[in-house]
Amino acid sequence: MVTINAPLHPETEGLFDDALISTMKRGSYIVNTARARSVLRRNRAALESGQLAGYAGDVWFPQPPPDHPWARCPITA
């Protein structure tokens, strides 16, 4: 699991892109308590492929459509 706790500025915008996520252990989770734009929204393929098992964030940029996989990730305990 990776937690993101960073302010949003040019160096952190899009920090978690396809290249960085591909280096993470398969089945990892991202918990983003920072700004939404730190994780690129196009990373839905990482969820669909299983590279990421889940994503949690408290803000979205921009708001995802209802069918976006981040809006319907299963909750695990």
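Structure first, text after, so check above.
One structure accompanies this document, and this report is about it. (Residues numbered from 1 in each chain as written. Predicted model: local features only at pLDDT ≥ 70, side-chain atom pairs only at ≥ 80, totals over all residues. Heavy atoms only, no water.)

Glancing now at the sheet that holds strand β2 (residues 28–32). Read across the open sheet, the three strands follow the order β1-β2-β3; overall the sheet is parallel. Every interior strand has two partners, whereas the edge strands, β1 (2–4) and β3 (52–57), have only one. Averaged over all adjacent pairs, the angle separating strand axes in this sheet is 15 degrees, with direction ignored. With three bridges joining them, β1 and β2 adopt parallel strand pairing. Across the sheet, the residue bridging to Thr-3 is Val-31, located in β2. (Pairing = 2+ DSSP bridges. Helix = DSSP H or I, 4+ residues; strand = E, 2+ residues; numbered from the N terminus. Axes fitted to C-alpha atoms, helices over the stretch in contact; angles between N-to-C directions.)

As a further point, take the nonpolar core. Counting residues in hydrophobic clusters, the biggest one holds 11 residues: Ile-4, Phe-16, Ile-21, Met-24, Ile-30, Ala-34, Val-39, Ala-46, Leu-47, Leu-52 and Tyr-55. Within the residue set of this core, elements represented by two or more residues are α2 (44–49) and β3. Look past the residues within four positions of Met-24 in its chain and what remains in contact with it is Val-2, Phe-16, Tyr-29, Ile-30, Gln-51 and Leu-52. (Core = buried A, V, L, I, M, F, W, Y, C linked by side-chain atoms within 4.5 Å. Buried < 20%, exposed > 50% of the residue type's maximum accessible area, 1.4 Å probe, protein only. Contact = heavy atoms within 4.5 Å.)

The next point concerns the side chain of Asn-32. Structurally, Asn-32 can be placed in strand β2. Residue classification places Asn-32 among the buried positions, given a relative accessible area of 2%. For Asn-32, the side chain forms a polar contact with the side chain of Tyr-55, separated by 3.1 Å. (Polar contact = N/O pair within 3.5 Å; in protein donor to acceptor, adjacent residues only side chain to side chain.)

These results come straight from atomic positions and should not be treated as a statement about function.
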